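In case you want the letters, here they are:
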Amino acid sequence: MANQKVEFPSTQWFQALAARMNEQRAKYQNFGFVTARAVFRVTATAAGNRNFGLVFDGFECLEVRELTDGEIAQFDPDWTMEGDYATWKEMVQNIKAHGEADPDHTLNRLCLLGHPFRVHGEDQTRVDVFYRQLFSFQAFIDESAAVETSFA
Amino acid sequence: MSMAIDKKQSVERLKALPQVQRWREGNYEPGAWFTSKPAEEGGIWGSWGHRFQPNRRGVSLVELNRADRHPIPTEGLGLLADREAGAEPDAPRYDYPLREKYQVWSYNVESLYEEAMSRQWSATRDIPWDKLAPLPEDQERALCQFVSFLHTVEFVPGDTLPFYMARVDPSFSEVRLFMSSQCADEARHMEVFGKRMYANGGGPGMEPGAEALLLFDPRKSVLPQEIAKTVSNVNPTWDFLAYSYFVQMIGEAVVLDFFRFGEFLGRNPCDKEMFRRIMQDEARHVSFGTMRIKYYLDNAPRREREEASEMLHFLASACEASGTGFGLLLQPSAIEPFALLAAGSLGNLDKGWDVVREFWATAVEEYINRCERAGLPRRGRCMLPEEAPF
Ligand SMILES: [Fe+2]
Ligand SMILES: [Fe+2]
């Protein structure tokens, strides 16, 4: 039976990554615990800008929900990682093709210079959580290699 | 050399100890440790009756301290013991130079320590060394030089952290624990860079003098010598505070940027993952330094706080102007290989340098943001050019 495709970007898509993370405790335990409130922001989609708030604690992703622009502040993220739909799509396709991000598509590679992705937040020390726990976040995004993704 | 006492005499002396005599007479009644009341009730036992729930991550210092009804003291006790332990009347007291909480504490020290323990890794086992792939010779040479430079940088905290750690009153054990974890991190970085240099057909490059920039050697400064000398002898009362700015906030922030850049440049999973692991460690060190300066500036007595703030601004101006910390980004033996790696080949060097320029701007912006967070606003005062000076 073929896996059902999950559309990117959507809450279900991030939930699929979360489910994969949560069922691989040993793998994530090796990387160390994660304590982050993260927003993944996809700009310039057909439906405008989309934001997904994720709560990580321990070795799990506990919560995924879509946020309107106005709800982001209340969600109180440590950091927001933001990029346009085309870049997200390229990254997700790259991960699918290689089983994990190739050297040109890792989160840090895409974010470092502030383009095509950008990591930002109100408080630099909380933004630094992104770097402090990056190994886990990269593994989390790389989980998409196992998700059958369709693009709107 | 002969001993002034023989074994027989030694045994006799041990037997003459009052407690040994007591036990020899069959009197096994436990002493004060068993009968004394807790300090709260006037005894010399430490404290009693602690309850708390482990969270989903285990037994964390964060929850342990939160649940403790005894606050962390503002002044250290000078005892080599847990801060809530009792002390026999004749217990030796020690004069630790850093004995006030505000002098050593950091807002996030408990959680950072827990994170450090949770995210330890092995340079031998956790790096996918088998995925290293041969690089073009100019690229491997550039990477080896870059890594040789970083290897040198790692000696700095390893040489200096234990000096301060030993001066922190043990009442603030969380601070000592965090500093130990940082020592372990730095040692592992030295190890992994040392291994990487030899791992892919290359070898260690030139000693780049990076440590002199971090340790503020006036000979390496772009400031006039008179000013450079003043900076290297800032008021020693604030030695540890200055250190946190110098090494943990500006030096390691730049080093963190280097590690992020290393990940950016990596062409195979081995180099990528190595830098990704290292970056995490370094970001903790920077976070500790930043929030420690903030704690100091929030909690020192008013007069001292004002003077410390003035000193930090002076130090920041001097470091920015002299190229301490950011001088690492002007070090030819680090930046040239960096540009060559970003270029991908010698024919493409212009492109590589453009990336380095962009990187400079990002690094300066993040540094200014961290200063802001530490309560040391440098926006508008920062002596560093926002754009790369090349
Ligand atoms: Fe290090
Ligand atoms: Fe460090």
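Here, residues in each chain are numbered from 1, in the same order as that chain's written sequence. Going through the entries in the order they are written, you letter the chains from A and number the ligands from 1. Note on the predicted model: pLDDT of at least 70 is required for a residue's local features to be given, and 80 or more for side-chain atom pairs to be given and counted; whole-chain, interface and lining totals, by contrast, use all residues. Side-chain descriptors were evaluated using all non-hydrogen atoms of the structure, hydrogens and water having been removed beforehand.

**What to know about unusual backbone geometry**
All names here are of chain A.
Okay, step 1: Pro9 follows Phe8 through a cis peptide bond whose omega is -5°.
Okay, step 2: With respect to the helices and strands, Pro9 occurs in the loop between β1 (6-8) and α1 (11-22).
Okay, step 3: Backbone geometry at Ala44 places phi at a positive 55°, although glycine is not the residue there.
Okay, step 4: The backbone phi angle of Asp76 is positive, close to 60°, even though this residue is not glycine.
Okay, step 5: Mapped onto the fold, Asp76 is located in the loop between α3 (72-75) and β5 (79-84).
Okay, step 6: Burial status follows relative accessibility: with a 1.4 Å probe on protein chains alone, a residue under 20% of its type maximum counts as buried, one over 50% as exposed, and anything between as partly exposed. Relative accessible area serves as the criterion here: at 38%, Asp76 is assigned to the partly exposed category. A helix here means a DSSP run of H or I that spans at least four residues, while a strand means a run of E at least two residues long, and both kinds are numbered starting from the N terminus.

**Looking at the coordination of the iron ion (ligand 2)**
Residue and element names in this part refer to chain B.
Okay, step 1: Only N, O and S atoms count as donors, using a 2.8 Å limit from the metal and a wider 3.2 Å limit for Na, K and Ca, and since water is excluded some coordination spheres may look unfilled. Looking at the iron ion (ligand 2), the protein donor atoms are Glu186 (OE), Glu252 (OE), Glu282 (OE), Glu282 (OE) and His285 (ND1), and they sit 1.8 to 2.6 Å from it.
Okay, step 2: Coordination of the iron ion (ligand 2) draws on donor residues from a single chain, spaced E-x65-E-x29-E-x2-H in sequence.
Okay, step 3: Between the iron ion (ligand 2) and the iron ion (ligand 1), both coordinated by Glu186, there is a metal-metal distance of 3.5 Å. Of this pair, Glu252 sits in helix α11 (residues 239-265) while His285 sits in helix α12 (residues 269-299), and the two are 33 residues apart along the sequence.

**Comments concerning the coordination of the iron ion (ligand 1)**
All names here are of chain B.
Okay, step 1: Binding of the iron ion (ligand 1) to the protein goes through Glu154 (OE), Glu154 (OE), Glu186 (OE) and His189 (ND1), at separations of 2.0 to 2.7 Å.
Okay, step 2: Metal-centred angles of 52 to 133° between the four donor atoms at the iron ion (ligand 1) mark the site as irregular.
Okay, step 3: Sequence positions of the residues that donate to the iron ion (ligand 1) give the spacing E-x31-E-x2-H. Key to geometry: four donors with every angle between 85 and 135 degrees are tetrahedral; four donors are square planar and six octahedral where opposite donors lie over 155 degrees apart and all remaining angles lie between 65 and 115; all other sites are irregular.

**A closer look at the side chain of Asp102(A)**
Okay, step 1: Tracing the chain through its elements places Asp102(A) in the loop between α4 (85-98) and α5 (107-111).
Okay, step 2: Here Asp and Glu are counted as negative and Lys and Arg as positive; His is not counted, and neither are the chain ends. A pair is scored as a salt bridge if a Lys or Arg side-chain nitrogen falls within 4 Å of a carboxyl oxygen belonging to Asp or Glu. Arg267(B) is the oppositely charged side chain nearest to the buried, salt-bridge-free Asp102(A), at an N-O distance of 6.4 Å.
Okay, step 3: Here a polar contact is taken to be a pair of N or O atoms separated by no more than 3.5 Å, where protein atoms must pair a possible hydrogen donor with a possible acceptor and residues adjacent in sequence count only if both atoms sit in side chains. A distance of 2.7 Å separates polar atoms of two side chains, one belonging to Asp102(A) and the other to His105(A).

**Structural notes on the packing of aromatic side chains**
Okay, step 1: Only Phe, Tyr and Trp rings are paired, with Trp represented by its six-membered ring, and only when their centres lie within 6.5 Å; those with planes under 30 degrees apart are stacked, over 60 edge-to-face, the remainder tilted. One pass over the full model with this rule turns up 46 aromatic pairs over all chains.
Okay, step 2: Relative to Phe31(A), the ring of Tyr28(A) lies with its centre 5.6 Å away and its plane at 80°, an arrangement referred to as edge-to-face. Within this pair, Tyr28(A) and its partner Phe31(A) are both found in helix α2 (residues 25-31), separated by three residues, close to a single helical turn. Each of the two residues, Tyr28(A) as well as Phe31(A), counts as buried.
Okay, step 3: Counting as a charge over the ring demands two things of the Lys NZ or Arg CZ atom: a distance within 6 Å of the ring centre and an angle within 35 degrees of the ring normal. Over the ring of Phe75(A) we find Arg37(A); its NZ or CZ atom is 4.4 Å from the centre of that ring.
Okay, step 4: One cation-aromatic arrangement involves Arg109(A) over Phe264(B); the distance from NZ or CZ to the ring centre is 4.0 Å.

Nothing here speaks to function; it is geometry throughout.
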